[in-house]
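Coordinate inspection notes
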Protein chains: 2
Amino acid sequence: MSNPIGVGLIGAGTIGCGVARLLLESRELLTQRVGTPLNLVKVADIDWERDRTFNIPEDLRTTEAEEVINHPEVSIVVELIGGIEPAKSFIIEALNKGKHVVTANKALLAESGKEILDVVMRDGADLGFEASVAGGIPIILALREGLVANRIVGMYGIINGTANFILTKMEDENLSFNEALSQAQALGYAEADPTLDINGTDAAHKAVLLASLAYGRLFQLPDVHVEGIEEIDIRDIRYAQEMGYTIKLLAIIKGEQEQVEIRVHPALVPSQHTLSKVKGAFNAIYVEGDAVGPTMFYGKGAGEMPTASAVVSDIVAIARNILSGASRRTAPFSYRNLSNGVKVKPMSEVESRYYMRFSVLDKPGVLSSIAGILGNHGISIESVIQKGHQTHRESVPVVMMTHHAIEEHVQKALKEIDKLPIVVHPTVLIRVEG
Amino acid sequence: MSNPIGVGLIGAGTIGCGVARLLLESRELLTQRVGTPLNLVKVADIDWERDRTFNIPEDLRTTEAEEVINHPEVSIVVELIGGIEPAKSFIIEALNKGKHVVTANKALLAESGKEILDVVMRDGADLGFEASVAGGIPIILALREGLVANRIVGMYGIINGTANFILTKMEDENLSFNEALSQAQALGYAEADPTLDINGTDAAHKAVLLASLAYGRLFQLPDVHVEGIEEIDIRDIRYAQEMGYTIKLLAIIKGEQEQVEIRVHPALVPSQHTLSKVKGAFNAIYVEGDAVGPTMFYGKGAGEMPTASAVVSDIVAIARNILSGASRRTAPFSYRNLSNGVKVKPMSEVESRYYMRFSVLDKPGVLSSIAGILGNHGISIESVIQKGHQTHRESVPVVMMTHHAIEEHVQKALKEIDKLPIVVHPTVLIRVEG
């Protein structure tokens, strides 16, 4: 048997503890699979006082990340502190020192991916980031290897567990957005500051990585059209249900090799579609390839052990490469060269079906005014729900589902409609997928 | 760029044509991902007269498998003729000649896996068999790499599309088994001789491979308890539905590292469970790992292009190994050593809940006789459906769901019950999972 392969962790928070637990408690299993032991050599954290889910042995602890990076026995550095700095500097320093790197840092990779990748390419090290998208689900592996023979036609991901938990609670238990958010926080499914989860940014970071893996170009956050779930109203969830749909926060990546749409926004998904059955904090990515057809990958998108499972799968992959002398066997983003000419489709050109909820005065002719403007913009209506008179209400809702239309036309039409004196509140617009 | 890597196919049936199509039509995409072109060098088939879905260029065709195996430019031999011989001889010959091998042949691997693996181990070649289980779903990759940090707690697979198509048709369209089978044959979802699909053998072959990947021992067909769907009656589907269940043909692999159950049989799955939503010819494997928790992998389990997608993913993985000089980077069954001491749990010791349909005379005291015998064997009843008097019928059905019980006790109890003079037909027994 070869020499053990040394692993060092930077960051001993929840995920770090999970990784340490797996490396220590499943050491024998991992040795059987890798062919040599994986040694946890050093763990850096700035605070060793707080309570942890796993007791990291005292002799492994340090407060200095440099001690991990520079340790001669450490071949694989695992960055789990999150955020941009100092995570970025640690990763670059480790790569410069000839270490391989594993990270779960989606924000860093989505925002500074090119800078890090340049160093990876130059230094010939391996970079693993399976844990950065969809927690324990091996979706990056699937895109990099399992579905490698496919042109990706489309990906539809529920990749933010917090948002999905909130939407599920609203739908299943009739809670308001704020009530559902409070529950998510109480149960630990949402952080104290849940902004990035509910405004779609976290999902957009992950969408950047998924799109880059699928289309051979390193995309960036501004390439993604992002809308969050802050404005989702329980009434829209109910109307959607009435029409046979469930509202999900979706990451949508689709297109040809020449042009791709990357967007994150709430969407109506047919209630019969597998994605609409993905409940609570679970994640799922529906991937359609030109050869394989539709596939789906489902599992826990966050949490200590699911995320640790993904981190350790990266450690094992790199260890297997080290053992067979094959570092950089696979390009980090699957393609050898990330200079594909694929363009991002401007949001204004995106085609979709639309759900619209108008808040209008309860007067004759309202429907025809709205339908008229939509018609002028080439938008045709598939179905309408108009609830009867609601006395004591300032306005009544009119809900419409359109046929396929162009985003730009829809936005222009709504701007006109929202100026009508009969329209009391800005119109709610949610796209329909599938 | 390195030299192209040569690929040769043995078998130009449906899957072979799909593989040739991908290698030729997606050549550029594959080159971008591998870093060097994959050259289709030679394709062997005994019959070049019949109609094909893809026109394989004339200069690639041969009728001699040896021409593929011995071709100096072929590094990777893909066996797609199926069956035991001559597939086995071709594979062993190719390995002996230093070629890497990709196969979709689950029957061969399940029945002669050890023999082939011994040659693989000795010759240091790579063996890919992603396409042998669940078609386009990268489940072998997931077990070998993505979930490598996990002890597998359980796997529940719908891995025979023909059987699932038949059961779905029966449930959704109220067809009899024979009507559903005829439809499956008419639509090409079942072969002229569907025996191995409906009697569970095909799923058992796949279960052998999944269990071996998960538990580090090479299992064999006799290790699997197999029952097919031939006896499933539309009445059982309806009673199951009434109690909130769907009947699926499941491959069940579960256990600890010391002892594992491997069985294929129809099972009642809760209608709310994701697996019960897997319809028609689709496949899905629900995998629970000790770290990752529950995951699910879903997609097309058969067909030309989905299966070709899996075959080509193996070709790419091996090509990446060749390029980085890292053949045998990963052990074929994930574990370096397949001599784990894990035992197969005897079926008699398996614990399950049970659905029982008794066909009894419509007389007083029937229920108490049956319940008495069950009670004597320590089997307690969770619920009963007893339909009212059905005149003009020789017998009436009594349906019971039990709490957890031991298979041996259940079999003994049923033997006694079926001897009662009030019992008109042998009792129908279906296990309940989840």
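Residues numbered from 1 in each chain as written. Chains lettered and ligands numbered in written order. Predicted model: local features only at pLDDT ≥ 70, side-chain atom pairs only at ≥ 80, totals over all residues. Heavy atoms only, no water.

**Some words on the sheet that holds strand 6 (residues 127–128) of chain B**
All names here are of chain B. In space, the six strands of this open sheet follow the order 3-2-1-4-5-6, with parallel pairing throughout. Strands at the two margins of the open sheet, each flanked by one partner only, are strand 3 (61–62) and strand 6. Bridge count between strand 1 (residues 5–10) and strand 2 (residues 38–44): six bridges; the pairing is parallel. In the sheet register, Gly8 faces strand 2, and the bridge partner there is Lys42. (Pairing = 2+ DSSP bridges. Helix = DSSP H or I, 4+ residues; strand = E, 2+ residues; numbered from the N terminus.)

**Comments concerning the pattern of salt bridges**
Here the structure, examined in full by the defined rule, presents 52 salt bridges over all chains. Note that Arg21 of chain B and Glu304 of chain B form a salt bridge whose closest N and O atoms lie 3.9 Å from each other. Of this pair, Arg21 of chain B sits in helix 1 (residues 14–25) while Glu304 of chain B sits in helix 12 (residues 304–323), and the two are 283 residues apart along the sequence. Using a relative accessible area of 15% as the deciding quantity, one classes Glu304 of chain B as buried. Three or more residues joined by partner-sharing salt bridges are found here, namely Lys254, Glu261, Arg263, Lys345 and Glu433 of chain A. (Salt bridge = Lys/Arg side-chain N within 4 Å of Asp/Glu carboxyl O. Buried < 20%, exposed > 50% of the residue type's maximum accessible area, 1.4 Å probe, protein only.)

**Quick notes on the relation of the copies chain A and chain B**
Mapping chain A onto chain B leaves a residual RMSD of 0.0 Å; the transformation is a rotation of 180 degrees accompanied by 0.0 Å of translation along its axis. The relationship between the two copies is best expressed as a two-fold rotation axis. Taking C-alpha positions as reference, the residue of chain A nearest the rotation axis is Phe297 of chain A, located at 2.5 Å. In this assembly, 100% of the residues forming the interface of chain A have copies in chain B that are likewise at the interface, indicating an isologous arrangement. (Least-squares fit on C-alpha atoms with pLDDT ≥ 70 in both. Contact = heavy atoms within 4.5 Å.)

**Here we look at the pairing of strand 14 (residues 351–360) of chain A**
Residue and element names in this part refer to chain A. Taking burial as the measure, the 10 residues of strand 14 include nine buried ones, the bulk of the element. Sheet topology places strand 14 next to strand 17 (residues 405–406); two bridges connect them, and they run antiparallel. Among the inter-strand pairings, Glu351 is bridged to a residue of strand 17, identified as Ile406. Here seven bridges tie strand 14 to strand 18 (residues 423–432), and the two strands are oriented antiparallel to one another. Along strand 18, the bridge assignment pairs Ser359 with His425. In terms of strand pairing, strand 14 meets strand 16 (residues 396–402) through six bridges, oriented antiparallel. Residue Met356 lies in a different strand from strand 16, and its bridge partner there is Met400.

**A short note on the sheet that holds strand 6 (residues 127–128) of chain A**
Residue and element names in this part refer to chain A. If you walk across this open sheet you meet the six strands as 3-2-1-4-5-6, and the pairing is parallel. Because the sheet does not close on itself, it has two edges, and the strands there are strand 3 (61–62) and strand 6. Bridge count for strand 5 (residues 100–103) against strand 6 is two bridges, and the pairing is parallel. Paired with Val102 across the strands is Gly128, a residue of strand 6.

**A short note on the interface of chain A and chain B**
Across the boundary between the two partners, chain A contributes 54 residues, which contact 55 residues of chain B. If you sort the residues of chain A by the area they bury against chain B, Arg33, Arg320 and Arg329 of chain A come out on top, with a joint share of 16%. At the junction of chain A with chain B, the criterion picks out zero salt bridges. Across the contact surface, chain A and chain B share 26 residue pairs in polar contact (both at pLDDT 80 or more). For the side of chain A that touches chain B, the elements supplying multiple residues, two or more each, are helix 1 (14–25), helix 2 (27–34), helix 6 (139–146), helix 10 (201–215), strand 12 (293–300) and helix 12 (304–323) of chain A. Top contributing element to the side of chain A that touches chain B by residue count: helix 12 of chain A, with nine residues. Looking at the side of chain A that touches chain B residue by residue, the classes come out as 26 nonpolar, 18 polar and 10 charged. Of the pairings in the sheet, the one linking strand 12 of chain A to strand 12 (residues 293–300) of chain B comprises three bridges and is antiparallel in character. Bridge pairing in strand 12 of chain B links Phe297 of chain A to Phe297 of chain B. (Buried area = accessible area lost by both parts, 1.4 Å probe. Polar contact = N/O pair within 3.5 Å; in protein donor to acceptor, adjacent residues only side chain to side chain. Nonpolar A, V, L, I, M, F, W, Y, C, P; charged D, E, K, R; others polar.)

**A word on the domain arrangement of chain A**
Residue and element names in this part refer to chain A. Split into domains, chain A comes out as domain 1 (5–136 + 304–323), domain 2 (139–300) and domain 3 (348–432). Distance between the C-alpha centres of domain 1 and domain 2: 27 Å. Residue-level contacts link 18 residues of domain 1 with 18 residues of domain 2. Together, the buried faces of domain 1 and domain 2 total about 1,400 Å²; carbon and sulfur atoms form 68% of this surface. (Domains from an automatic or database assignment.)

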